[in-house]
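Understanding the architecture of this molecule
Single-letter residue listing:
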Amino acid sequence: RMSVRKITTGSKALDDLLGGGIETKQITEFFGEFGTGKTQICHQLSVNVQLPEDKGGLNGKAVYIDTEGTFRWERIEQMARGLGLDPDKVMDNIYWIRAINSHHQMAIVDQLFDMLDKDNIRLVVVDSLTSHFRAEFPGRENLAARQQLLNRHLHQLMRLAEVYDVAVVVTNQVMARPDVFYGDPTAAVGGNVVAHAPGIRVQLKKSRNNKRIARIVDAPHLPEGETVFAITEYGVRD
Ligand code: ADP
Ligand code: MG
């Protein structure tokens, strides 16, 4: 795994927890309740991947697959300014794609295999991985079909990560009380949607004010433990 490269999150503490940052050739999943910062981290990484290598970036571009309509160009602008970068250039280097259903979401990733070959894309975000699948295959009775499709999607993403040396970052919204989600075990905190895919899983929790807690879940090569980071006007920071 010598050729793995890393993208800074903007927080030294969170980078340290991740062993230096978000890795290429790998899927990293951020999961947690609503408002824990999953989408903020995805925005920040889409900016940070563009930084030169000595600043924690990969001099690359980002693809942002947005399934919930929560992507905001204004937020990208703010984060670019926070790093002293030209917001227009930063926005030019992010391909925002709105996925309207799970079928579309998977078709987009299929098409990326051609696109990544020709362009210097080093980050692919799927925010969120699970929302369309949950909406289209609700409840326990559809669980098997949904998991099968999600697994196919994850394998597709894993292949993309490995073949093109890109970091794949996915989000997964979970609930504190799974019983309110009609007996869907994958909606529980830690629900094993991604458990069978190779990758890194990071649980996010709210703390005081703008602080968030991140914890790595079952990654044998990373130390156990948790850390605190902040979401500020200018983005993810210590
Ligand atoms: P989710 O995990 O649901 O994707 P988000 O990433 O959307 O959560 O996080 C939303 C939170 O991020 C807000 O509640 C707020 O605390 C913080 N946030 C969003 N935009 C800003 C901003 N411009 N300045 C400061 N904090 C912000
Ligand atoms: Mg979100």
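Our structure is the block above this text.
The following refers to the structure shown. Given the structure is predicted, the values throughout are model-derived calculations rather than measurements. All residue numbers here refer to positions counted from 1 along the written sequence of the relevant chain. Numbering of ligands from 1 and lettering of chains from A proceed in the order in which they are written. Reporting of local features is limited, given that this is a predicted model, to residues whose pLDDT is at least 70; pairs of side-chain atoms are given and counted only at 80 or more, and all residues count toward the totals for whole chains, interfaces and linings.

Attention now goes to the overall build of the protein. In this text, helices come from DSSP runs of H or I with a minimum length of four residues, and strands from runs of E with a minimum of two, each type numbered from the N-terminal end. The helix and strand tally for the protein stands at 7 helices and 11 strands. A burial count over the protein gives 42% of its 238 residues as buried. Restricting the contact set of the protein to residue pairs at least 6 apart, pairs at least 24 apart contribute 68%. Labels follow a simple rule on C-beta atoms placed from the backbone: if 20 or more others lie within 10 Å of a residue's own, it is buried; if 12 or fewer, it is exposed; otherwise it is partly exposed. Any two residues are considered in contact once their C-beta atoms, placed from the backbone, lie within 7 Å.

Our focus in this paragraph is helix 7 (residues 143-164). Under the convention used throughout, the expected extent of a helix is 1.5 Å for every residue step, that is, one less than its residue count. Taking 1.5 Å of rise per residue, 22 residues should cover 32 Å, and helix 7 covers 31 Å from first to last C-alpha, within 8% of that figure. By the burial criterion, the buried members of helix 7 are Arg146, Leu150, His153, Leu154, Leu157, Leu160 and Ala161. Taken down its axis, helix 7 places every buried residue within 115° of arc, on the same side. In helix 7, the exposed positions angled more than 90 degrees off the buried face are occupied by Ala144, Ala145, Gln148, Arg152 and Val163. Against the buried residues of helix 7 lie strand 3 (26-32), helix 5 (102-118), strand 6 (121-127), helix 6 (131-136) and strand 7 (167-173). Starting at the helix axis, one direction is taken to each C-beta atom, and the arc is that of these directions.

What follows deals with the sheet that holds strand 10 (residues 226-232). Paired strands, as defined in this entry, are two strands with at least two bridges between them according to DSSP. One open sheet accounts for 9 strands, arranged 5-4-6-7-3-8-9-10-11; its pairing is mixed. Bordering the open sheet on either side are strand 5 (94-98) and strand 11 (235-237), each of which pairs with just one other strand. Direction aside, neighbouring strands of the sheet carry axes that sit 25° apart on average. In this sheet, strand 7 lies alongside strand 6 in parallel orientation, the contact comprising 4 bridges. Each bridged residue has a counterpart across the sheet, and for Val124 the counterpart in strand 7 is Val168. Helix-sheet contacts for helix 5 involve strand 4 (61-66), strand 5 and strand 6, and the interaxial angle to strand 4 is about 165°. Note on definitions: angles span 0 to 180 degrees between N-to-C directions of axes, and those axes are lines fitted to C-alpha atoms, for helices only across the stretch in contact.

Okay, the packing of helix 5 against helix 7 next. For the pair helix 5 and helix 7, the least separation of the axes is 11 Å and the interaxial angle reads 15°. Compared by their axis directions, helix 5 and helix 7 come out roughly parallel. The hand of the helix 5/helix 7 crossing is left-handed. Every residue of helix 7 that contacts helix 5 at Ser102, Met106, Val109, Leu112, Phe113 and Leu116 is listed here: Leu149, His153, Gln156, Leu157, Leu160 and Tyr164. Side-chain classes are defined by residue name, with Ala, Val, Leu, Ile, Met, Phe, Trp, Tyr, Cys and Pro counting as nonpolar, Asp, Glu, Lys and Arg as charged, and the others, Gly among them, as polar. Each residue belonging to the contact of helix 5 with helix 7 can be placed in one class, and the counts come to 9 nonpolar, 3 polar and no charged. For classification purposes, an angle smaller than 35 degrees is called roughly parallel, one larger than 145 roughly antiparallel, one from 65 to 115 roughly perpendicular, and anything else oblique. If you view the pair so one helix is near and one far, a crossing is left-handed when the near helix is turned anticlockwise from the far one by less than a right angle, and right-handed when it is turned clockwise.

Our focus in this paragraph is the site of ligand 1. Put plainly, near means the residue's C-beta atom, positioned from the backbone, lies within 6 Å of the molecule or strand in question. In the vicinity of ligand 1 lie 13 residues, with Thr36, Lys38, Thr39, Gln40 and Ile231 positioned nearest. Contributions of two or more residues to the shell around ligand 1 are made by helix 2 (38-48) and strand 10. Residue classes in the shell around ligand 1 are distributed as 2 nonpolar, 9 polar and 2 charged.

Next up on the list: the environment of Ile100. Position of Ile100 among the secondary structure elements: in the loop between strand 5 and helix 5. Its 10 C-beta neighbours within 10 Å are what place Ile100 among the exposed residues.

The next thing to look at is unusual backbone geometry. Cis geometry marks the peptide bond from Asp127 to Ser128, where omega comes out at 0°. Backbone geometry at Asn59 places phi at a positive 55°, although glycine is not the residue there. Structurally, Asn59 is set in the loop between helix 2 and strand 4. On the basis of neighbour count, Asn59 is assigned to the partly exposed category, with 13 C-beta atoms found within 10 Å.

Moving on, we come to the environment of Leu112. Relative to the elements of secondary structure, Leu112 occurs in helix 5. C-beta crowding within 10 Å serves as the criterion here: with 22 such atoms nearby, Leu112 is assigned to the buried category. Between the C-alpha atom of Leu112 and that of Ser102, which follows or precedes it by 10 residues, the distance is 16 Å.

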